[in-house]
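Topology and contacts: notes
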Amino acid sequence: APHLRQVGGGGGRFDPGMLHYSPQVWTSDNTDVFSRMAIQSGTSLIYPLSSMGSHITSVPNHQTQRLSTLKTRFLVAIFGTFGLELDIRRLSQQEFKEVSEYIAKFKELAPTIHEGKFYRLWAPSRNSDRFAYAWMCFHHTNAIAAVVAVFLTKT
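All values reported here derive from a predicted model rather than from experimental measurement.

Here the focus is the overall build of the chain. Per the secondary structure count, the chain includes 3 helices and 7 strands. When the helices and strands of the chain are placed in sequence order, the string is β-β-α-β-α-β-α-β-β-β. Approximately 8900 Å² of the chain is accessible, and the part contributed by carbon and sulfur atoms is 55%.

The strands making up a sheet associate through hydrogen bonds between their backbones, and the pairing can be parallel or antiparallel. Spatially, E5-E6-E7 is the arrangement adopted by the 3 strands of the open sheet, whose pairing is antiparallel. Here the strands that pair on one side only, and so sit at the sheet edges, are strand E5 (117–122) and strand E7 (144–151). Neighbour to neighbour, the strand axes of the sheet diverge by 15° on average, direction disregarded. Relative to E7, strand E6 (residues 132–139) is paired through 8 bridges, and the arrangement is antiparallel. Bridging across to E7, methionine 136 finds its partner in valine 147.

Here the focus is the pattern of salt bridges. Opposite charge on two side chains lets them pair, provided their charged atoms get close. Evaluated as defined, the whole model comprises 5 salt bridges. We note a salt bridge from arginine 89 to aspartate 87, for which the minimum N-O separation is 2.9 Å. Classification of arginine 89 by relative accessible area gives exposed; the value is 73%. Two residues, aspartate 87 and arginine 90, come together in a salt bridge whose shortest N-O distance is 3.6 Å. It is possible to trace a salt-bridge network through shared partners that takes in Asp87, Arg89 and Arg90.

What follows deals with helix H2 (residues 70–77). The element H2 is largely enclosed, with a buried count of 6 among its 8 residues. Every buried residue of H2 is listed here: Leu70, Thr72, Arg73, Phe74, Val76 and Ala77. Looking at the buried positions of H2, the neighbouring elements they touch are helix H1 (33–43), strand E3 (55–57), helix H3 (93–115), E6 and E7.

Conventions and cut-offs
Residues numbered from 1 in each chain as written. Predicted model: local features only at pLDDT ≥ 70, side-chain atom pairs only at ≥ 80, totals over all residues. Heavy atoms only, no water. Helix = DSSP H or I, 4+ residues; strand = E, 2+ residues; numbered from the N terminus. Areas by Shrake-Rupley, 256 points an atom, 1.4 Å probe, with all protein chains shown as cover. Pairing = 2+ DSSP bridges. Axes fitted to C-alpha atoms, helices over the stretch in contact; angles between N-to-C directions. Salt bridge = Lys/Arg side-chain N within 4 Å of Asp/Glu carboxyl O. Buried < 20%, exposed > 50% of the residue type's maximum accessible area, 1.4 Å probe, protein only. Contact = heavy atoms within 4.5 Å.

See the structure below:
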């Protein structure tokens, strides 16, 4: 059977009922890590993390030209389906090693993130703190938690 993905081109145009036919949604073409925090936080109110396409992309971001660390992009991408959307041939040896470690870490944490209970520990409520997020997934059966706190600074 073909693998289908719902695409919300322009943002928010996908249907929760379609998860029966398509296990994954692409929440937005905006891949900037600053924007993805808000997009994934809002989308997670209805959709499970295991259905939200989220990738590590290259920098500078092709839409916003903003820079972010590989680690920050990883921390955001693991709270979704996790993938790479960059040319690995352009990575330095150190970045390639780091990406390899992140892939292994995602494989280790995927059951906790995709099957565990998702908690929004900190979600912005005011415009002044809109770039601070903290999320946690807890797998009750395995008693394992995955926690991330990201404070984004625009420069």
